[in-house]
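Working through the structure, step by step
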Amino acid sequence: MEEQRLNASGIPIQACHQPGDGVAPVPEMPGHFPFTRGVQADMYRGRLWTMRQYAGFSTAAESNRRYKYLLSQGVTGLSVAFDLPTQIGYDSDHPMAEGEVGKVGVAIDSLHDMATLFDGIRLDEVSTSMTINATAHILLALYVAQAKRQGADLSRLSGTIQNDILKEYAARGTYIYPPRPSMRIITDIFEWCSRELPRWNTISISGYHIREAGSTAVEEVAFTLSNGRAYVKAAMERGLDINVFGKRLSFFFNAHNDIFAEAAKFRAARRMWAAIMRSMGATDPRAMMLRFHTQTGGSTLTAQQPLNNIARVTLQGLSAVLGGTQSLHTNGYDEALGLPTEEAARIALRTQQIIAHESGAPDTADPLAGSYYVEYLTDETERRAVELMDRIEAMGGAVSAVEQGFIQEQIASSAYRHQQEVERGERIIVGVNQFLSAEHSAIPVMRIDDGVRQVQTGQLQAIRDGRDAVAVEAALLRIRNAATGTENLMPQVLHAVERSCTLGEISDVLREVFGEFRG
């Protein structure tokens, strides 16, 4: 008798799926509730997904050169990576920043850096995604301040800040403040953007890093949508209209190699989110749509035989398109070794363009619909994810589940189980535990000069020497007063960055008011 086969989420896979293996699909058209088949009636026939390339390294000037290169190669949206000091609220000259400035992203300390980062790029003519969480309010304020300098109409600014702090506690670790004051900052952003930046996506609720930390696809959906529900509840408690802010929520998912499981995951997530939003009071169909960005799986890339990663990224990008993504980033083949070189970034972009123009995948909406196998996987992913979400709700919701360590423990357990399967050879990773090669490819690796910190420190000192110290102190006091009370923080943060207050100075004021999370 054939041994039972399970996919990576533990879902049983039959040798041949037939009618009756899952719930018979209800006749449904794309663009209609519950959006299983996509959020647009014609999907990519009307407009292709936004092709983004995640980039940012060294100084703002270096990153600006890469952005201009990517735009010249056909990228239709920018995606900014920030270095670790920027992510956790330290200026480049802070002792905690030593050895990390410009290494995994671009260093942004002040409005001067933001102006350099987007020099020659009109912010009202490009969509920008910023992977930033604990300091999202500051980076958004810097972006808006630079747009104002350019004379941009703020109502035309489009893009996304990740701004998803719950997954930082559960999976990634770049948090600063405890969960509840962090949730207050996020709802301040929701409220302010609803008035000032009507086209801006105020949060990208992220399953990507949950999956990178080792979760299964089912857990990625369950934990991400649980976090999403927590953000919606917080916004509604603030008095915001779910039919207004619901349209500005977006999601960020991972894509791994199992094309069918990944496409089914995206289909299930859309259906689940539509039901959640309706149950919470949404009546506008656009507020029930799960719109999402996808990035191919960084954790699936191997340092061994790195050119194999081109095939992996192709499979992953195709799964995202088959699953109906709204925007996509494809990883460079060399990212298990270092930041992507210009060549690797170009090949990653060309991979998307080949999928778009040569694969046939975008020619019809939801091309996998009706497949016995895919419909079964969609139903099973939903059923198992709903069960997990019900457990989280019974604990008091996502914030309580994070505070109790439940989500972290589930992810760690899945990561350990996966690693055991790889080590036992039960899960084959080509070039790692099977099909090894004694030959080593000479892949060029991008290195960041440690002198970046010296450059940033010199600029910081010049900014501090040349600014109005009285205006800076007054601006920081205004932030302190707003944080101590209930006033929305965003107007005061914008006021501060326009007076040359630095990211670290603003973060330190809030550290003093809110404290730091030591999870």
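Anything mentioned here points back to the structure above.
Residues numbered from 1 in each chain as written. Predicted model: local features only at pLDDT ≥ 70, side-chain atom pairs only at ≥ 80, totals over all residues. Heavy atoms only, no water.

Strand order across the open sheet formed by nine strands is β7-β6-β5-β4-β3-β11-β10-β9-β8, with parallel pairing between neighbours. For this open sheet the edge positions go to β7 (200-201) and β8 (203-206), each flanked by a neighbour on one side alone. Its contacts with the sheet place helix α1 (residues 60-72) against β3 (50-55) and β4 (77-81), and it is angled at close to 150 degrees to β4. (Pairing = 2+ DSSP bridges. Helix = DSSP H or I, 4+ residues; strand = E, 2+ residues; numbered from the N terminus. Contact = heavy atoms within 4.5 Å. Axes fitted to C-alpha atoms, helices over the stretch in contact; angles between N-to-C directions.)

This paragraph deals with the layout of surface pockets. Where empty space is left in the structure can be found by rolling a water-sized probe over the atoms. Computed from the structure, the second largest pocket encloses a volume of approximately 1,000 Å³. For the lining of the second largest pocket, the elements supplying multiple residues, two or more each, are β3, β5 (127-131), β6 (158-161), β9 (249-255) and β10 (292-296). Among the residues forming the lining of the second largest pocket, the class breakdown is 14 nonpolar, 20 polar and 11 charged. (1 Å grid on protein atoms, 1.4 Å probe; cavity = no way out; pocket = protein on both sides within 12 Å on 5 of 7 lines; lining within 4 Å. Points joined across faces, edges and corners; volume = space filled by probe spheres on them. Nonpolar A, V, L, I, M, F, W, Y, C, P; charged D, E, K, R; others polar.)

Here the focus is the packing of helix α18 (residues 469-484) against helix α19 (residues 490-497). Relative to each other, α18 and α19 sit at 165 degrees, their axes nearing to 9 Å. In terms of orientation, α18 and α19 fall into the roughly antiparallel class. The way α18 lies across α19 gives a crossing that is left-handed. Taken together, the residues of α19 that come into contact with α18 (itself represented by Ala475, Arg478, Ile479 and Ala482) are Gln492, Val493, His495 and Ala496. Taken together, the residues of the contact of α18 with α19 break down into five nonpolar, two polar and one charged. (Parallel < 35°, antiparallel > 145°, perpendicular 65-115°, else oblique. Left-handed = near helix turned anticlockwise from the far one by under 90°.)

Applying the stated criterion to the full structure yields 34 salt bridges. For arginine 211, the salt bridge is made with glutamate 220, and the minimal N-O distance between the two is 2.8 Å. Classification of glutamate 220 by relative accessible area gives buried; the value is 0%. A salt bridge links aspartate 366 to arginine 267, with the nearest nitrogen and oxygen atoms 2.9 Å apart. With a gap of 99 residues between them, aspartate 366 in the loop between α13 (342-358) and α14 (372-394) and arginine 267 in helix α10 (residues 259-279) connect regions that are remote in the sequence. The exposure class of aspartate 366 is buried, given its relative accessible area of 7%. Looking at arginine 267, the relative accessible area reads 1%, which means it is buried. Here the salt bridges share partners, and the residues they tie into one network are Asp91, Asp93, Arg464, Arg467 and Glu505. (Salt bridge = Lys/Arg side-chain N within 4 Å of Asp/Glu carboxyl O. Buried < 20%, exposed > 50% of the residue type's maximum accessible area, 1.4 Å probe, protein only.)

Attention now goes to the side chain of serine 327. Its place among the elements puts serine 327 in strand β11 (residues 327-329). You can call serine 327 buried: its relative accessible area is 8%.

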